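Summary of the model geometry
As a plain string of letters, each chain reads:
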Amino acid sequence: MRKTVALFLSGCVVSTTAGLATAALAGPNITVDVGTGEILSQEDAFQRWYPASLTKLVTAYVAFRMIESGQVTLDTPIKMTARAAKEPPSKMGYKPGSQLTLDNALKIIMVKSANDVAMAIGETLGGSSEKFAVLMNAEAKRLGMYGSHFVNPNGLHSDDHYTTARDLAILTVQMRREFPQYMHYFDIEAIDSGNKIQANFNALIGRFQGANGMKTGFVCPSGFNLVGSATRDGRNIITVVLGELKQQGRATKAAELLAKGFETRGTGKTLEALQPYGPAARDVAVNMRPTVCSKEAAASDSWDGKDAEGHIIQGSPYMYRMDHQPQAELVALLPSKTNAKGKDMSRIPIPIPRPDRASITDAANTAKAVN
C-alpha cells in the first residue's frame with residue numbers, strides 16, 4: 001500500500017506519496033545575526049530540503065579548511081576530469097585535461113555555479129567525488145549539521161543529498177566567523193572568462209544595501225533556494241530561503257527577511273540552542289518538481305536579476321536598481337603543457353601497459369572454460 005504523509009509548511013498542507021512531497025507554497029527560512037548567533041526569524045527550520053547548488057557552500061568550506069591546514073593552496077591546480085566535464089549545466093564547458101587554480105575555481109562556482117568546476121574541485125581535493133563527499137559529511141557532522149547528508153560537491157539531485165535551513169544557517173555563520181579572509185568569494189558581481197561576462201545569480205549583490213553573499217541554488221525538486229548575507233553598521237545578518245517558486249521570489253523573500261532582521265534585536269533565541277521542532281514528517285524531503293517544473297512554471301537558474309532594459313524586476317521595496325554594469329573578475333585556465341612537438345599533453349592519453357603473453361593466454365583459457 002502506498003503511504004501518504006501530510007507536511008505542514010508555512011501553514012500550508014502538503015501531501016506526499018511514497019516519501020515524495022509536492023510542495024504547494026514556499027518552503028523553510030531562517031534569519032540569524034552572525035555576531036550574536038541570535039535567531040531573528042524562522043519557519044520550518046528543521047524541514048528536510050534539497051539544497052541544489054547551495055551545496056557549493058559546503059564544497060568551499062572544505063576547501064578553506066584544507067587551505068588553512070596546509071594541504072592545498074589557492075594556487076593548487078584543479079584538473080577538469082572526463083567525469084567532471086560531462087556534468088550537466090550550469091557549467092563552464094572546459095575540456096578534459098584543462099586546469100585552473102583553486103582560486104579561480106572558487107570564483108566560478110560562487111558566481112556561475114558551474115557544476116563541472118565544482119566536480120573538478122571535489123575530485124582534485126578529495127581524490128574522487130565520493131571521497132570528497134566523505135569530507136563534506138565529516139565537516140557537517142563536526143559543525144552539528146545533523147539534518148544534512150551530501151553525496152556530491154555540486155548539488156545535482158539525489159534523494160540522499162539533503163539539508164535543512166537550520167543546518168545551512170549553522171554552516172554560513174561558521175564560515176563567516178572562521179574565514180573572514182575568504183568572504184570576498186561570495187560577493188563578486190560577475191566573472192569574465194575571456195569571451196563572456198557572466199553575472200552572479202545572487203540578485204541581492206549590488207541591489208540590496210550591504211549585500212555581501214552568499215549563494216543561490218536550483219533543481220526542480222528543490223525549487224529556488226538562496227542563502228543571503230548583508231552587513232550594515234558593522235552588523236552582519238544571514239538568511240536562508242528554500243523552495244521559492246520563482247527566481248525573483250527567492251531574492252525578494254531574502255531581501256525582506258534581511259531588512260526586517262536589521263530592525264530586530266535581542267530575541268535571546270540562539271541558533272546553537274535551537275531544538276528540533278515540527279511534525280515527524282519533517283524528515284521526509286519535500287519534492288518541488290511538480291510545482292516548479294511543470295510546463296507552465298518551467299524555469300532555470302540562469303536569470304541575472306534584470307529585465308531587458310537592465311533593471312531589477314522583483315519590485316521589492318527593499319531592493320534598488322544596480323546603477324552600474326556588474327564589475328567582473330577575470331578567470332582563466334592555466335596554460336596548457338605541451339611536449340617537444342607542441343602537442344597539448346592534456347589531450348594525449350596515458351599509455352596503458354600491455355599484458356605479457358602468458359597473461360593473455362591464461363585469460364583466453366579462462367574465457368573458454370567459462371563459456
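Up top you'll find the structure we're talking about.
Predicted, not measured: the structure shown is a model, and the values here were computed from it. (Residues numbered from 1 in each chain as written. Predicted model: local features only at pLDDT ≥ 70, side-chain atom pairs only at ≥ 80, totals over all residues. Heavy atoms only, no water.)

Below, the discussion takes up the packing of aromatic side chains. Between two aromatic rings, the relevant description is the distance of the centres plus the angle of the planes. Tallied over the full model, the rule gives eight aromatic pairs. Taken together, a centroid distance of 6.3 Å and an interplanar angle of 90 degrees make the contact between Phe-64 and Phe-186 edge-to-face. In this pair, Phe-64 sits in helix α1 (residues 55-68) while Phe-186 sits in the loop between α6 (165-178) and β8 (190-192), placing the two residues 122 residues apart along the sequence. Judged by relative accessible area, which is 1%, Phe-186 ranks as buried. (Phe/Tyr/Trp six-rings, centres within 6.5 Å; stacked < 30°, edge-to-face > 60°. Helix = DSSP H or I, 4+ residues; strand = E, 2+ residues; numbered from the N terminus. Buried < 20%, exposed > 50% of the residue type's maximum accessible area, 1.4 Å probe, protein only.)

Here we take up unusual backbone geometry. Cis peptide bonds are those with omega within 30 degrees of zero, and the linkage from Pro-89 to Ser-90 qualifies with 5 degrees. Mapped onto the secondary structure, Ser-90 falls in the loop between α2 (82-85) and β7 (99-101). The linkage connecting Gly-213 with the following residue, Met-214, adopts the cis geometry, with an omega of 5 degrees. Inspection of the secondary structure assignment puts Met-214 in strand β10 (residues 211-219). Of note, Ala-52 is a non-glycine position whose phi angle comes to about 55 degrees, a positive value. The class for Ala-52 is buried, based on a relative accessible area of 1%. A positive phi angle, near 60 degrees, is found at Ser-113, a position not held by glycine.

Taken in spatial order, the five strands make up an open sheet running β5-β4-β12-β11-β10, and their pairing is antiparallel. Bordering the open sheet on either side are β5 (39-43) and β10, each of which pairs with just one other strand. Across this sheet, the average inter-strand angle for adjacent strands is 5 degrees, counted without regard to direction. Across eight bridges, the pairing between strand β11 (residues 223-232) and strand β12 (residues 235-244) is antiparallel. Across the sheet, residue Gly-228 finds its bridge partner in β12, namely Thr-239. (Pairing = 2+ DSSP bridges. Axes fitted to C-alpha atoms, helices over the stretch in contact; angles between N-to-C directions.)

With that settled, consider the nonpolar core. Ranked by size, the top nonpolar core spans 73 residues in total, and within it Ile-30, Phe-64, Val-117 and Phe-186 carry the most contacts. By residue number, the principal contributor to this core is α1, which donates nine residues. Filtering out sequence-adjacent residues up to four positions away, Phe-64 remains in contact with Leu-106, Met-175, Phe-179, Tyr-182, Tyr-185 and Phe-186. Formed by 18 residues, the second largest nonpolar core is a distinct cluster that contains Ala-203, Leu-204, Ala-230 and Ala-251. (Core = buried A, V, L, I, M, F, W, Y, C linked by side-chain atoms within 4.5 Å. Contact = heavy atoms within 4.5 Å.)

A few words on the packing of α1 against helix α3 (residues 102-111). One way to put it is that α1 packs onto α3 with a least axis distance of 10 Å and a crossing angle of 160 degrees. As judged from the angle between their axes, α1 and α3 are roughly antiparallel. Note that α1 runs across α3; the crossing there is left-handed. Each of Lys-56, Leu-57, Thr-59, Ala-60, Ala-63, Phe-64 and Ile-67 in α1 lies in contact with α3, whose residues at this interface are Leu-102, Leu-106, Ile-109 and Met-110. (Parallel < 35°, antiparallel > 145°, perpendicular 65-115°, else oblique. Left-handed = near helix turned anticlockwise from the far one by under 90°.)

It is worth spelling out the side chain of Asn-225 at this point. In this fold, Asn-225 is placed in strand β11. Note on Asn-225: relative accessible area 0%, which makes it buried. There is a polar contact of 3.1 Å between the side chain of Asn-225 and the backbone oxygen of Tyr-50. A polar side-chain atom of Asn-225 sits 2.9 Å from the main-chain amide nitrogen of Gly-243. Among all residues touching Asn-225, those that are not within four sequence positions of it are Trp-49, Tyr-50, Pro-51, Ala-52, Leu-54, Thr-216, Gly-217, Val-241, Leu-242, Gly-243 and Arg-250. (Polar contact = N/O pair within 3.5 Å; in protein donor to acceptor, adjacent residues only side chain to side chain.)

Just distances and angles here, no functional claims.
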